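Below are the chains, spelled out letter by letter.
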Amino acid sequence: MTRHLDIDLLRTFVAIAETRTLGRAASKVGRTQAAVSMQVKKLEEMLNQPLLNRTGRGVALTLHGERLLGHARTILRHHDAAVADVSGAGLTGTLRFGCPDDYAAAFLPHILRSFAGLHPQVFVEVYCAPTPRLLEQLAKHALDLALISTTDVDSTTPIIRREPLVWVGNRHDDAVAREPLQLALSDPDTFDHLAACERLDAVGRPYRVAYASGAMSGLLAVVRSGQAIAVLTQAAVPDDLQVLPTSDRLPRLPTVGLTVKFDLARPPALVVEFAEQLRRIVPAL
């Protein structure tokens, strides 16, 4: 008997693989969690192989699931490209997109993969920098749009996701206990830098900004060395580092909102389409 892989089933499976929970996958594909569970069951029955293992924190792919994931992404990419090309719905051109380093690591692979599947003829230039530098680039018309951080009190633009800032340290060092506290922070006008200094000043904890870097890789290198702690968005914390518990001496940090900011008041269709992908994908990850 010939077996056919249904595109909708594969799209749901990939969403589950990327979000690692049935609930978030359901939101991403616009179905109920029960419907997503039924789709997985149908796909497993068709392939006669288990694809997912349920865990306390969500789901994990089985060996067969990992094998299917690569095929599924390839099939969906070619399927979506064919539909866009033949229907004439595909966009062309160059898009200049700005994104902070921490969001780039957490969200950018999913965003670019999805957008390329729909519009393979678009060339995307990615510029990674802290939010203040991205705003400067937008003001110079050097970017078409950017995913940026904003404070909760700033309600001028719609927030598509909220991310807590967290203290981050090396799992095998006790840098948090040093006096004064050694910090590795981004530029002085960034949210991580301002929040860390303001909260530590408020509780009277002595600290020293011992390391500075505008690049995420530089901050992570310092934290991994055990010489200082840093402040990151929770989604950007690598698996080999730990979120440090808050206390009277290490106060809770604020939450920042993620929003999309444009270069032009009336952006072209290409930019609008990319922004829609951001608004759809980022909240589901």
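Residues numbered from 1 in each chain as written. Predicted model: local features only at pLDDT ≥ 70, side-chain atom pairs only at ≥ 80, totals over all residues. Heavy atoms only, no water.

Draft legend 1. Inspection of the overall build of the protein at higher detail. Along its length, the protein carries 9 helices and 11 strands. Counting only C-alpha atoms and orienting by the principal axes, one finds that the protein spans roughly 70 × 45 × 30 Å. Across the 285 residues in the protein, those meeting the buried criterion constitute 45%. When contacts within the protein are restricted to residue pairs at least 6 apart in sequence, long-range pairs at least 24 apart make up 76% of them. With the model as given, the accessible surface of the protein reaches about 14400 Å², and the carbon-plus-sulfur share is 53%. Of the charged side chains in the protein, 31 are positive and 30 negative; the average position of the first set lies 5 Å away from that of the second. (Helix = DSSP H or I, 4+ residues; strand = E, 2+ residues; numbered from the N terminus. Buried < 20%, exposed > 50% of the residue type's maximum accessible area, 1.4 Å probe, protein only. Contact = heavy atoms within 4.5 Å. Areas by Shrake-Rupley, 256 points an atom, 1.4 Å probe, with all protein chains shown as cover. Lys, Arg positive; Asp, Glu negative; His and termini not counted. Charge placed at Lys NZ, Arg CZ, Asp CG, Glu CD.)

Draft legend 2. Geometry of the packing of helix α1 (residues 7–19) against helix α2 (residues 22–29). Remark: α1 packs on α2, axes separated minimally by 8 Å, with the N-to-C direction vectors making an angle of 130°. On the basis of their axis angle, the class for α1 and α2 is oblique. The crossing of α1 and α2 is right-handed. Across the interface between the two elements, Arg11, Thr12, Ala15, Ile16, Glu18 and Thr19 of α1 pack against Leu22, Arg24, Ala25, Lys28 and Val29 of α2. Its residues assigned to classes, the contact of α1 with α2 comprises 5 nonpolar, 2 polar and 4 charged. (Axes fitted to C-alpha atoms, helices over the stretch in contact; angles between N-to-C directions. Parallel < 35°, antiparallel > 145°, perpendicular 65-115°, else oblique. Left-handed = near helix turned anticlockwise from the far one by under 90°. Nonpolar A, V, L, I, M, F, W, Y, C, P; charged D, E, K, R; others polar.)

Draft legend 3. Broad picture of the confidence of the model for the protein. Looking at the protein as a whole, its pLDDT mean stands at 89, while 95% of the residues score no less than 70. Confidence scores differ between elements of the protein, with helix α4 (residues 63–87) showing the lowest mean pLDDT of 81 and strand β7 (residues 181–185) the highest of 96. (pLDDT = per-residue confidence, 0-100.)

Draft legend 4. How the structure looks around the pairing of strand β4 (residues 122–128). Both strand β3 (residues 93–99) and β4 contribute to a ladder of 7 bridges, which runs parallel. Of the residues in β4, the one forming a bridge with Phe97 is Val126. In this fold, β3 hands off to helix α5 (residues 101–118), which returns the chain to β4; that crossover is right-handed. (Pairing = 2+ DSSP bridges. Right-handed = clockwise from strand over helix to strand, strands pointing away.)

Draft legend 5. Layout of the pairing of strand β8 (residues 207–212). Sheet topology places β7 next to β8; 5 bridges connect them, and they run parallel. What sits directly across from Gln182, in β8, is Arg208. Of the crossover connections in this fold, the one passing from β7 over helix α7 (residues 191–203) to the parallel β8 is right-handed.

Draft legend 6. Representation of unusual backbone geometry. The residue after Glu179, namely Pro180, is reached through a cis peptide bond having omega -5°. Mapped onto the secondary structure, Pro180 falls in the loop between β6 (161–170) and β7. The phi angle at Arg20 is positive, at roughly 65°, despite the residue not being glycine. Following the sequence through the fold, Arg20 ends up in the loop between α1 and α2. Residues other than glycine seldom take positive phi values, yet Asn48 does so here, at roughly 60°. By the element assignment, Asn48 lies in the loop between α3 (33–47) and β1 (52–55).

Draft legend 7. Spatial organisation of the pattern of salt bridges. Under the counting rule described, the total for this entry stands at 12 salt bridges. In this structure, Arg113 engages Glu18 in a salt bridge whose closest nitrogen and oxygen atoms are separated by 2.8 Å. With Arg113 in helix α5 and Glu18 in helix α1, this residue pair connects regions lying 95 residues apart in the sequence. Among the residues examined, Glu18 registers a relative accessible area of 15% and is labelled buried. Residues Glu179 and Arg249 are paired through a salt bridge, measuring 3.0 Å at the closest nitrogen-oxygen approach. On the criterion of sequence distance, the pair formed by Glu179 in the loop between β6 and β7 and Arg249 in the loop between β10 (241–243) and β11 (255–262) is long-range, its members being 70 residues apart. Classification of Arg249 as partly exposed rests on a relative accessible area of 37%. What you see here is one network of salt bridges that share partners, running through Glu18, Lys28, Arg73 and Arg113. (Salt bridge = Lys/Arg side-chain N within 4 Å of Asp/Glu carboxyl O.)

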